[in-house]
Amino acid sequence: MRNPKLSWAIAACMAATVPLLSSTAFAERLDGSRDITCAVMKVVGCVDNGTCIQGQARQFELPEFIILDAKKKVLRGDYESGHKAVSPVKNMERSGNHLVMQGVENSHGWDIAIDTGTGQMSGAGVGGEVSFLVFGPCTEN
């Protein structure tokens with residue numbers, strides 16, 4: 001049985017933190033000047049014949065977390081298996097309300113765009129016979 005006092009307290013805490021997560025707060029933080037961590041929540045993988053499937057990062061052997069090391073200008077991928085990968089950021093710039101990053105790794109091009117108003121990330125890894133789209137939330141470290 002749910003505790004109504006606990007449920008009310010959780011709801012009150014959530015309501016109190018909503019103003020802290022406003023568009024202005026994200027816009028000030030997600031500009032690429034500090035480290036950012038993004039969780040890869042949804043993935044769409046497509047092969048060259050046009051077949052696409054949806055799933056989670058681990059189903060496609062993709063990192064579950066992508067971390068921007070702002071000082072070194074690299075992305076670090078953390079995999080469920082414990083494997084870690086590093087990819088240099090070749091281009092990073094603000095465009096409207098997005099922080100856009102681009103790079104190349106293992107003969108694949110990649111792009112990531114983070115909406116600085118919402119913290120939502122979308123990215124793509126393309127090349128060869130398979131391409132991926134990834135989606136998830138980001139926060140400053």
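Residues numbered from 1 in each chain as written. Predicted model: local features only at pLDDT ≥ 70, side-chain atom pairs only at ≥ 80, totals over all residues. Heavy atoms only, no water.

## Regarding the pattern of salt bridges
Right, so step 1: Counted according to the given criterion, the structure contains four salt bridges.
Right, so step 2: Its salt-bridge partner being Arg58, residue Glu64 comes within 3.3 Å of it at the nearest N-O pair.
Right, so step 3: Judged by its relative accessible area of 21%, Glu64 is partly exposed.
Right, so step 4: A relative accessible area of 41% places Arg58 in the partly exposed class.
Right, so step 5: A salt bridge links Asp69 to Arg76; the shortest N-O distance between them is 3.1 Å.
Right, so step 6: Arg76 gets classed as partly exposed once you look at its relative accessible area, which sits at 27%. (Salt bridge = Lys/Arg side-chain N within 4 Å of Asp/Glu carboxyl O. Buried < 20%, exposed > 50% of the residue type's maximum accessible area, 1.4 Å probe, protein only.)

## Focus: the side chain of Asp69
Right, so step 1: Note that Asp69 resides in strand β4 (residues 65-69).
Right, so step 2: A distance of 3.1 Å separates polar atoms of two side chains, one belonging to Asp69 and the other to Arg76. (Helix = DSSP H or I, 4+ residues; strand = E, 2+ residues; numbered from the N terminus. Polar contact = N/O pair within 3.5 Å; in protein donor to acceptor, adjacent residues only side chain to side chain.)

## Brief notes about the nonpolar core
Right, so step 1: In this structure, Ile36, Val43, Leu75, Met101, Ile112, Ile114 and Met121 are the most contacted members of the largest nonpolar core, which totals 21 residues.
Right, so step 2: Elements with a minimum of two residues in this core: β1 (36-39), β4, β8 (98-105), β9 (108-115) and β11 (130-140).
Right, so step 3: Excluding its chain neighbours within four sequence positions, the residues that come into contact with Val43 are Ile53, Gln54, Gly55, Gln56, Ala57, Phe60, Leu62, Phe132, Leu133 and Val134. (Core = buried A, V, L, I, M, F, W, Y, C linked by side-chain atoms within 4.5 Å. Contact = heavy atoms within 4.5 Å.)

## Side note on the state of the cysteines
Right, so step 1: Within the structure shown, the criterion is met by two disulfides.
Right, so step 2: Linked covalently through their sulfurs, Cys38 and Cys138 form a disulfide whose S-S length is 2.0 Å. On the S-S bond that ties Cys38 to Cys138, the torsion sits near 105 degrees, and the link is right-handed. A residue pair is termed long-range when its members are at least 10 positions apart, and Cys38 in strand β1 and Cys138 in strand β11 qualify at 100 residues.
Right, so step 3: The class of Cys38 is buried, set by a relative accessible area of 4%.
Right, so step 4: The disulfide partner of Cys46 is Cys52, and the S-S distance across this bridge is 2.0 Å. (Disulfide = S-S within 2.5 Å.)

## Points about unusual backbone geometry
Right, so step 1: In the Ramachandran plot, Glu61 falls in the positive-phi region, its phi being about 55 degrees despite a non-glycine side chain.
Right, so step 2: Positionally, Glu61 belongs in the loop between β3 (52-55) and β4.
Right, so step 3: A residue is classified by how much of its surface remains accessible, and Glu61, at 67% relative accessible area, is exposed.
Right, so step 4: One non-glycine residue, Lys73, lies in positive phi territory at about 55 degrees.
Right, so step 5: Considering the arrangement of structural elements, one finds Lys73 in the loop between β4 and β5 (74-78).
Right, so step 6: Residue class for Lys73 comes out partly exposed when judged on its relative accessible area of 39%.

## Describing the pairing of β8
Residues in a regular strand point their side chains to alternate faces of the sheet.
Right, so step 1: Bridge analysis of strand β7 (residues 91-95) against β8 gives five bridges, and the strand direction is antiparallel. Bridging from a neighbouring strand, Glu93 pairs with Val100 of β8.
Right, so step 2: Direction of pairing for β8 relative to β9: antiparallel, over a ladder of eight bridges. Residue pairing across strands places Met101 opposite Ile112, the latter belonging to β9.
Right, so step 3: Connecting the antiparallel pair β8 and β9 is a turn made up of two residues, with Asn106 showing a positive phi of about 50 degrees. (Pairing = 2+ DSSP bridges.)

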